[in-house]
Structure formats: C-alpha cells, structure tokens
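Summary of structural features
Spelled out from the first residue to the last, the chains are:
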Amino acid sequence: AHQARINTVVESLTRGPRNVVFPQKNGQVQPVSEIFGQNVFTRSEMAKMLPKPVYKTFIQTLKGKSKIDKVTADAIAHAAKVWSIERGATHFTHWFQPLNDSTAEKHDSFLTLKSSFVDGSEVVSAIDTFSGSQLLQSEPDASSFPSGGMRSTFEARGYTVWDTKSPMFIQEGPHGTSVLYIPSVFISYNGQALDEKSVLLRSSEALEKVALELLNVIEPKDSDSRSNLVYTTLGTEQEYFLIDRSLYTLRPDLKITGRTLIGGLPPRHQQLEDHYFGKIPTRVLSAISECELELAKLGVPIKTRHNEVAPAQFEVAPIFEEALLAVDHNLLTMDVLHRVAHRHKLKVLFHEKPFQGVNGSGKHCNWSMSTDKGENLLDPSSNPETNYRFLLFLVATLKAVLDHGDLLRAGIASASNDHRLGAQEAPPGIISAFLGSQLTEVLDAVEEGREVNYQAAGLDFQHVRVKGTVLDLKVANLPPISRDLTDRNRTSPFAFTGNKFEFRAVGSKQSPSFPMTLLNSAVAKTLTEVLADLNQVKGDKPVASEEDQLQVIRKYIKLTKAVRFEGDNYSDEWVQEAEKRGLVNIKKSPDAFARLLRKENKDMLKEMGVFSEAELDSRYHILVEKYAKDVTIEAQTMITMIIQQVLPAAYEYRRNLAESASFMKTVGVESSPEVDLLNELTPIVSSLQKDITALKYLMVELLDVEDIVKLADRCCNEVLPKMQVIRELADKLERNVADKLWPLPKYTELFLNI
Ligand code: ADP
Ligand code: MG
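Computed from a predicted model, the values in this text were never measured in an experiment.

**Let's talk about the layout of surface pockets**
Taken as a whole, the largest pocket spans an internal volume of roughly 1700 Å³. Considering the residues around the largest pocket, the lining is formed by 46 residues, among which T61, L62, K63, T164 and K165 are closest to the centre. Here the lining of the largest pocket takes 7 residues from helix α7 (residues 197-218), the largest share from any one element. The residue inventory of the lining of the largest pocket, partitioned by class, reads 23 nonpolar, 11 polar and 12 charged. Here the second largest pocket is characterised by a volume of approximately 1100 Å³. Those elements that provide at least two residues to the lining of the second largest pocket are β13 (230-244), β14 (302-307), β15 (313-318) and β18 (363-371).

**Some details on the site of ligand 1**
Of all residues adjacent to ligand 1, which total 14 residues, the nearest are T233, P318, F320, N366 and R488. F320 places a polar main-chain atom, nitrogen or oxygen, 2.8 Å from an oxygen atom of ligand 1. About the coverage of ligand 1: the protein hides 76% of its 550 Å² of free accessible area. In this structure, ligand 1 is accommodated by the second largest pocket. Going through the elements one at a time, β13 and β18 are the ones with two or more residues in the shell around ligand 1. Ranked by residue count, the leading element in the shell around ligand 1 is β13, at 4 residues.

**Quick look at helix α13 (residues 437-448)**
When the terminal C-alpha atoms of α13 are compared, their 16 Å separation across 12 residues agrees well with the 16 Å that a helix rising 1.5 Å per residue should span. A positive backbone phi angle near 65° is found at G449, which sits one or two residues after α13.

**Re the pairing of strand β8 (residues 121-128)**
In this structure, strand β7 (residues 111-118) lies alongside β8, joined through 8 bridges in antiparallel fashion. Bridged to T112 within β8 is I127. Taken together, β7 and the strand that follows it, β8, pair antiparallel across an intervening segment of 2 residues, in which D119 is found at a positive phi of about 50°.

**What to know about the domain arrangement of the protein chain**
Looking at the protein chain, the domain boundaries give domain 1 (31-192) and domain 2 (625-752). Summarising the inter-unit geometry, the C-alpha centres of domain 1 and domain 2 are found 51 Å apart.

**Some points on the coordination of the magnesium ion (ligand 2)**
The protein atoms donating to the magnesium ion (ligand 2) are E237 (OE), E237 (OE) and E502 (OE), with metal-donor distances spanning 2.3 to 2.8 Å. Residue E237 is located in strand β13, and its partner E502 is located in strand β21 (residues 501-503); the two are separated by 265 residues in the primary sequence. Comparing E237 with E502, the two get one shared label, buried.

**A few points about the state of the cysteines**
Counted under the stated rule, the structure contains 0 disulfides. Its sulfur unpaired, C291 is 18 Å from the next cysteine sulfur, which belongs to C365. Lacking any disulfide linkage, C716 is separated from the closest cysteine sulfur, that of C715, by 8.6 Å.

**Describing the packing of helix α10 (residues 282-297) against helix α11 (residues 323-343)**
Orientation of α10 relative to α11, taken along the N-to-C sense of each, is 135°, at an axis distance of 9 Å. By the criterion of interaxial angle, the relationship of α10 to α11 is oblique. Where α10 crosses over α11, the handedness of that crossing is right-handed. Residues A287, E290, C291, E294 and L295 of α10 form the contact with α11, whose participating residues are L332, T333, V336, L337, R339, V340 and R343. The residue inventory of the contact of α10 with α11, partitioned by class, reads 7 nonpolar, 1 polar and 4 charged.

**Some details on empty space enclosed by the protein**
Evaluated as defined, the whole model comprises 6 cavities of 30 Å³ or more. Each pocket or cavity is described by its volume, and for the largest cavity that value is around 300 Å³. As for the largest cavity, its lining consists of 23 residues, and the residues nearest its centre are D101, A413, S414, L623 and K626. Of all the secondary-structure elements, those providing two or more residues to the lining of the largest cavity are α12 (384-411) and α19 (613-666).

**Points about the environment of Y240**
Tracing the backbone shows Y240 in strand β13. Linking Y240 and V316, residues 76 residues apart in sequence, is a C-alpha distance of 8.4 Å. When sequence neighbours within four positions are dropped, the list of residues in contact with Y240 reads I288, A312, Q313, F314, E315, V316, L337, V348, L349, F350 and S361.

**Thoughts on the pattern of salt bridges**
What the rule picks out here adds up to 49 salt bridges. In this structure, D533 and K555 form a salt bridge, with 2.9 Å as the shortest nitrogen-oxygen distance. Placement of the pair is D533 in helix α14 (residues 513-538) and K555 in helix α15 (residues 546-559), with a sequence separation of 22 residues. Under the relative-accessibility criterion, D533 is labelled buried at 14%. With relative accessibility at 40%, the residue K555 sits in the partly exposed group. Linked by salt bridges that have partners in common, R5, D739, K746 and E749 make up one network.

**Here we look at the side chain of S204**
Mapped onto the fold, S204 is located in helix α7. Residue S204 is classed as buried on the basis of its relative accessible area, which comes to 1%. Contacts of S204, omitting those with residues within four sequence positions, involve T232, L324 and N520.

**A look at α7**
Taking 1.5 Å as the rise per residue, α7 with 22 residues should run 32 Å; its terminal C-alpha atoms sit 32 Å apart, in good agreement. With 17 of its 22 residues buried, α7 lies for the most part within the structure.

**So, a nonpolar patch on the surface**
On the surface, L111, L113 and V124 cluster together to form a nonpolar patch covering roughly 310 Å² of accessible area. Within the fold, L111 resides in strand β7. Since its relative accessible area comes to 53%, L111 is described here as exposed.

**Focus on unusual backbone geometry**
A positive phi is found at D101, a non-glycine position, where the angle reads about 60°. Examined against the element boundaries, D101 turns out to sit in the loop between β4 (89-96) and β5 (104-105). Classification of D101 by relative accessible area gives partly exposed; the value is 33%. For A312, which is not a glycine, the phi torsion comes out positive at approximately 65°. Within the secondary structure, A312 is located in the loop between β14 and β15.

**Observations concerning the packing of α7 against α14**
Viewed as axis vectors pointing N to C, α7 and α14 meet at an angle of 25°, and their least axial separation amounts to 8 Å. Classed by the angle they form, the pair α7 and α14 counts as roughly parallel. In this structure, α7 meets α14 at a crossing whose hand is left-handed.

Reading guide: rules and limits
- The written sequence of each chain sets the order in which its residues are numbered from 1.
- Going through the entries in the order they are written, you letter the chains from A and number the ligands from 1.
- Predicted model: local features are reported for residues with pLDDT of at least 70 only, side-chain atom pairs are reported and counted for 80 or more only, and whole-chain, interface and lining totals are derived from all residues.
- As a rule here, side-chain values cover all heavy atoms of the structure and leave hydrogens and water aside.
- Note on definitions: the grid is 1 Å and covers protein atoms alone; a cavity is a set of points where a 1.4 Å probe fits but cannot get out; a pocket is an open set with protein on both sides within 12 Å along at least five of seven lines; lining residues have an atom within 4 Å of a point.
- Grid points are joined across faces, edges and corners, and a volume is the space filled by probe spheres set on the points.
- Helix numbers and strand numbers start at the N terminus; a helix is a DSSP run of H or I with at least 4 residues, a strand a run of E with at least 2.
- Each residue receives one of three labels: charged for Asp, Glu, Lys and Arg, nonpolar for Ala, Val, Leu, Ile, Met, Phe, Trp, Tyr, Cys and Pro, and polar for the others, Gly being one of them.
- It suffices for a single heavy atom of a residue to lie within 4 Å of a molecule or strand for the residue to be listed as near it.
- Any pair of N or O atoms that falls within 3.5 Å is considered a polar contact. Within protein, one atom must be able to donate a hydrogen and the other to accept it, and sequence-neighbouring residues count only if both atoms are side-chain atoms.
- Reported accessibility uses the Shrake-Rupley method at a 1.4 Å probe radius. Residues are deemed covered only where the shown protein chains occlude them.
- Here the criterion for a molecule occupying a pocket or cavity is that more than half of its atoms lie within 2 Å of the pocket grid points.
- Each residue after the first adds 1.5 Å to the expected span of a helix.
- A pair of strands is considered paired only if DSSP assigns at least 2 bridges between the two.
- Start and end positions for the domains come from either an automated domain assignment or a database one.
- Donor criterion used throughout: N, O or S atom within 2.8 Å of the metal, extended to 3.2 Å for Na, K and Ca. Water excluded; incomplete-looking sites may result.
- Any residue under 20% of the maximum accessible area for its type is buried, any over 50% is exposed, and the rest in between are partly exposed; the area is computed with a 1.4 Å probe on protein chains only.
- What counts as a disulfide here is a pair of cysteine sulfur atoms lying within 2.5 Å.
- Between N-to-C directions, angles cover 0 to 180 degrees, with each direction set by a line fitted to C-alpha atoms, over the stretch in contact for helices.
- Roughly parallel here means an angle under 35 degrees, roughly antiparallel means over 145, roughly perpendicular means 65 to 115, and every remaining angle is called oblique.
- Handedness of each helix crossing follows the sense of rotation of the near helix against the far helix: counterclockwise by less than a right angle gives left-handed, clockwise gives right-handed.
- Only heavy atoms matter for contacts: two residues are in contact if any of them lie within 4.5 Å across the pair.
- Think of a salt bridge as a Lys or Arg side-chain nitrogen and an Asp or Glu carboxyl oxygen that are within 4 Å of each other.
- A patch is a set of surface residues, each over 30% in relative accessible area and not in a salt bridge, joined within 9 Å for like charges and within 5 Å for the nonpolar side chains Val, Leu, Ile, Met, Phe, Trp and Tyr.

Here's what the structure looks like:
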C-alpha cells in the first residue's frame with residue numbers, strides 16, 4: 001500500500017487551526033487602523049525624525065524638482081537607521097524586481113569596524129553605520145539575473161537605486177530581529193532597465209505628463225480647480241489556492257512546476273457553485289488573518305477576502321493606490337501569503353491553472369487615473385460638465401486597446417496563463433473592451449449627434465436625475481452617468497466597471513508591473529493623439545470649448561467602434577465576429593510574445609520613452625526563453641512522475657490482479673473478472689509506456705535546438721500536446737488503479753483537506 005499518501009491524508013485531516021496572537025489593547029484586539037503602517041518608514045515618520053530643511057528638500061526631489069544631494073541622503077539614511085534599529089533591524093537591503101516574476105534582496109548588516117589608535121596601538125571597535133550612498137545605491141552581483149543578452153556575464157555590473165516614491169519598511173524576522181527594506185530599481189551600468197520597476201516608472205511618467213497637458217487644454221485657466229498632477233491608480237484582485245502543505249509535498253508536479261500535470265476531477269468540484277462567497281474554512285481563515293495582520297503592519301491596505309469559484313480557491317483585494325505603490329504591495333501580499341501559509345502548514349498556489357477542470361486564478365488589475373485634486377479621470381460623475389473630460393479619457397483608453405490590444409495580450413502571456421485564457425473561465429486571446437449598456441448608449445448618441453435616450457435603449461433609469469444646466473442642444477445633451485448603474489460582464493478581458501477599467505486577463509502569478517507598463521504606455525500614446533486633435537480644433541483659443549471637445553470625442557468614438565464588445569466573450573460567435581472586425585485572436589504565448597516586436601508597438605514604446613530597442617529585444621528574449629524553460633521543466637517532471645510513480649503503481653496493481661486470477665484458478669474458479677480488468681488496463685498502460693518514451697526522446701532531441709524562438713514553438717506545438725495525451729492516460733489509470741496503491745494525493749484530498 002502507498003503508506004506515505006495514506007498517512008499524510010489522515011494527518012492533514014487532524015490538523016487544527018494555528019493559534020494566532022493578535023496585538024491587544026485594553027484586553028481587546030487592537031483595531032487595524034492602529035496597527036496600519038507600523039513597520040513603514042512613512043512620510044510622517046520621516047517628517048518627525050528629519051530636520052525640517054532636509055525633509056523639505058526630500059519632498060522637492062519627489063516632485064522631480066531636484067536630485068537628492070549627499071547631505072540629504074546621509075540625513076535620511078541616519079534617520080532610517082535609528083528608526084529601524086529601534087524596531088530590531090540588524091540589516092538593510094535594496095529590494096528590487098528582476099525579470100523573473102519575483103523580488104530580490106541581499107542583506108547587509110549595519111556592522112562596521114572602526115579602528116583608532118590609543119597610545120600608539122590600534123583599537124578596533126564595532127559600530128552600526130548606514131550611509132547616504134548605501135541608501136541610494138548598491139551593486140549586487142547581477143550576472144545571475146535574466147538580462148536577455150543585454151549584459152554578457154563578464155560585464156555583469158548592475159545597480160540597484162532607491163526608488164524614493166516607495167517608502168522603506170521593515171520585515172520582521174526570527175527572534176525579534178528585522179531587516180530594513182529599501183524599494184529599488186535595478187539598472188545596468190549603461191542605465192538599461194533590468195527590472196519591472198524602472199519601465200513602470202517611465203510609463204507612468206509618460207502618461208502623467210500628457211494627461212496633465214490634456215487637462216490643461218480643457219480646464220479653465222487660472223482656476224483653483226486646475227490639476228497640477230496626474231497619476232495612475234491600481235487595485236489588484238489576487239486569486240490563489242490554498243492546500244495542505246504535507247499533501248503538497250507528495251506532489252512533485254506542484255512542487256516543481258506549480259501545477260498538477262496529472263490528476264482527474266473528483267465527481268464533485270465546483271459544479272454545485274457552493275464555494276464562491278461561502279464560509280471560509282477555519283484553518284484558512286486563521287492563516288488569512290495572520291497574513292492580513294502582517295500586511296497591515298506593512299501598510300498594505302487589504303480590504304476584502306472571500307472564497308473563489310473553485311474549491312480551495314480564495315481572493316484577496318486591497319484598497320487601490322497609486323500604481324507604483326500598488327505593485328510593490330501586491331508583491332508583498334504574495335510574499336506574505338506564501339510565508340504565513342507555511343506557518344499554518346498550508347501551501348499557497350499562485351499558478352494560473354494548478355488544477356485542470358476547475359477555474360484557474362487571475363489577478364484583475366483595476367486601473368484608472370487620478371489628479372492631485374483627488375478626482376478620478378474615469379469617473380463619469382453626476383456632473384454633466386465633467387462628462388467631457390471623462391469621455392476624452394475614455395475614448396483615449398479605447399483607442400489604446402484598439403491600437404495595441406496585441407501588446408496588452410503579450411503583456412499577460414506566459415506558459416502558465418495559457419492554460420487559463422480561453423478556458424471558459426477567463427477571457428480568450430482577443431482583447432476587446434466592455435462598457436455596459438448605459439455608456440454604450442451615451443457613446444452611440446454622441447456619435448450619431450442625437451440626445452441620449454436611455455428609455456429607447458431599453459434602459460429604465462428613473463432614478464437618474466438630470467440636474468444642472470442643460471447643455472446646448474446643438475452639441476448634445478449628456479445626462480449624468482451614474483457609475484453604480486454600469487452592468488457587469490464577467491467574460492470581457494478589459495471591462496469598464498463604473499469608474500475604472502478592470503484588466504481581467506492578467507495572470508495570478510505574474511507581477512502586475514509589465515501589463516500596467518504596457519497599458520500606461522499605450523494610453524499615453526493615444527492621449528498624445530487626442531491632445532493633438534484638441535489643439536488643432538481649438539485653434540487660438542486658450543482652452544478647448546465643449547463643442548471642440550465633443551468633436552474630438554465623436555471622432556474617437558467612430559475610430560474605436562471595433563474594439564467595443566458587449567456580448568459573451570466566451571462564445572464562438574465572438575471569435576468569428578472579432579475576426580471580421582480585424583481584431584487578432586492570439587491563443588498561445590509564443591505568438592503573443594512576437595507582438596512585442598510589431599513595428600507599431602515598438603515605435604510606440606520607444607516614442608513614449610518606456611523601452612529602448614535593446615531593452616525591448618531583451619524583454620522578448622527573456623519571455624521566450626522563460627516559456628521554453630517552463631514547458632521543458634514540466635515535461636521532465638512529467639516523465640519522472642510517470643516512470644517512477646504512475647507506471648509502477650499500475651504494474652503493481654496488474655500484478656495483484658494476475659496473482660489473484662491465477663490463485664482463483666487453483667481453487668477451480670475459471671472465469672475471473674480480474675482478467676477482464678487486466679485486459680482493460682493493458683492498452684492504457686501500453687500506450688502510456690509508449691508515449692512517455694516518445695516524450696523522453698523528443699526532449700532529448702530538443703536539447704540540440706539552439707534557437708530559443710524555434711524551441712519555444714516546438715514546446716508549444718509538440719511538447720504540450722503530447723503531455724496532454726499522456727495526462728489523459730495517466731488520469732484513466734488514476735480512476736482504475738486501487739486507491740491504496742496510488743502514490744499521489746488526489747484532487748479531492750487536495751481540495752478538501754484544509
Ligand atoms: P468590483 O470589481 O466588484 O467593482 P471593487 O469595487 O471592490 O470591486 O474594486 C475592486 C478593486 O478595484 C479594489 O482593489 C478597488 O480598490 C479597486 N478600485 C476601485 N476604484 C479604483 C480606481 N479608481 N482605480 C484603481 N482601482 C480601483
Ligand atoms: Mg472586480
């Protein structure tokens with residue numbers, strides 16, 4: 001019998017929730033608001049600890065007015081050292097985001113040895129130091145991070161540079177110690193981006209600049225309400241699975257590749273639709289609560305938690321923040337979830353499709369733009385006067401999705417997300433935008449130059465009051481657009497949800513940084529176009545009139561019609577319809593990656609100052625190579641599991657059956673059902689044996705393919721289909737071999753034993 005699995009299943013069932021101690025005050029659990037940000041070296045903490053002029057200089061540098069000078073850097077470093085040492089810090093580290101979907105850190109202790117001479121002999125003393133230059137910059141050995149050929153190993157110089165926009169924080173370690181984290185960008189000796197963060201920063205800057213220019217063309221001059229700053233906002237809905245850690249340990253596929261390469265669906269999984277928003281299991285709730293506590297200390301504003309659609313699947317979402325910070329916070333959330341789950345003997349799975357046959361996990365990226373006046377530029381608002389502003393930003397976004405949809409598709413492509421996209425649970429490889437019927441009616445009306453008529457459009461919004469001045473009917477009558485009334489379309493990859501767009505195709509495992517970078521860049525580009533049109537239409541006037549704006553809006557509504565789709569994105573009709581409209585349907589990652597190099601995409605990214613030609617080429621190579629490696633590792637893992645675990649279990653079972661049949665014969669039972677079963681198993685086992693051998697040979701053959709683009713294509717078109725056939729055979733065996741002989745925890749056990 002397969003004792004390890006049986007024992008572990010029993011063990012997992014007897015585990016209770018871990019006792020989590022929450023900070024108490026007056027005999028009660030302390031409110032989150034009091035714990036929030038406790039481990040962050042916030043601006044207010046800085047203001048308290050720094051001399052006034054130093055703090056002022058720092059704030060100026062944040063606005064891009066000047067660079068940090070040595071005196072300021074030294075003062076901030078000193079304050080950060082004192083602040084963090086009071087909280088147990090022994091080390092500091094630059095914390096950055098190399099191109100491998102994770103974060104990187106290298107700890108340096110504060111320890112310095114200082115020698116002095118007392119009576120002519122050397123005395124060495126130990127002190128804690130942290131200088132401004134250590135804060136600003138560090139040089140990790142960069143040769144082992146992906147660079148896509150931008151650096152050869154012999155010139156491995158890479159620098160991490162403090163990203164002053166993201167605050168420093170401490171992470172608690174063992175025995176009351178902690179480490180000071182300095183959020184950083186990672187660049188090469190020549191200033192080329194080697195990470196996710198620098199390009200995100202560049203794209204935000206590009207978008208913010210042109211968005212502000214546009215606002216300045218439509219906002220009245222010399223008014224207090226004029227915007228001085230625009231920034232992008234992001235709220236990430238993170239989906240994940242949680243399973244028992246010991247059971248996980250018995251699954252080499254989960255451990256090595258993050259997903260089950262074999263394993264069949266149990267009779268009951270998600271079809272009863274009883275998991276979504278159901279009661280969170282006690283053990284899981286305990287883990288999530290501890291996680292939220294840690295994240296609160298780190299200043300990550302976690303807001304919601306709930307069960308997701310698939311069994312053992314959950315979601316966590318924060319309150320949205322400035323995108324740059326939101327990305328850091330999403331990565332911290334994943335990191336903390338990972339570590340805390342461990343303490344609870346749970347394992348968190350961020351893979352987009354850990355289990356075949358039930359829903360996979362996404363990371364919905366809710367995106368918008370805000371001004372320094374706290375106004376959301378994608379909020380339709382109840383004030384008709386600002387509808388124009390809203391509509392200008394809306395059509396620019398639609399134009400970005402139309403012109404660069406394939407680029408957005410490239411930004412979410414990976415070997416893992418391929419299993420989820422187009423699987424009737426996530427959007428297909430066609431990028432379109434959903435607006436909802438109310439907004440659709442508004443755009444249609446503006447396009448046709450008629451009044452908005454919700455009733456005629458089959459919409460009955462009696463409680464929408466048209467208030468304020470009625471606009472010149474020559475132009476159009478724009479009634480208020482209420483954001484709560486926008487309907488929902490779960491099937492759209494890019495859906496307008498009231499006052500933001502929700503990019504739903506993003507994978508759960510990836511950093512939101514790259515997709516957001518591409519989205520920001522594309523919108524920056526189309527805002528440039530909208531701005532040019534506005535400037536042309538308005539002529540010499542100081543600001544564009546409403547007529548001017550409407551004229552431009554109308555032009556873009558017409559231009560972007562093809563990218564708007566309100567129907568079911570999962571349907572076959574849409575695939576055909578999209579083709580007619582000229583929208584591309586990119587099903588697999590290798591095809592998606594190639595889109596990064598399409599001339600219009602390349603030109604746009606260069607023009608917006610986000611990627612240089614070399615950086616983009618390197619990105620492309622890193623992604624293609626990663627894809628090929630991911631699939632290769634999966635295939636190798638599958639080969640090992642089939643040969644070492646699945647086939648031996650099948651052979652042992654066959655032997656049992658044969659022995660039983662032959663034993664029956666000795667007592668005179670002639671026809672035995674064991675033989676029937678054996679005959680049923682034989683073709684499955686033979687096919688599996690044959691197919692796994694073929695896969696083995698294919699993988700050996702692929703070792704000689706040096707061109708990574710060719711390799712990725714072959715992984716996609718040859719390896720993966722073979723793996724699917726093998727999986728189906730293995731799953732047949734799982735259903736037919738005696739349970740006590742089966743070595744791998746089954747889906748039921750993984751789903752339910754938490
Ligand atoms: P729903 O998707 O059901 O509309 P929520 O309103 O809870 O859900 O929002 C989901 C996520 O979108 C949350 O993280 C929320 O903070 C975020 N969000 C809300 N408004 C914005 C905005 N203006 N910009 C970016 N993200 C936003
Ligand atoms: Mg949502």
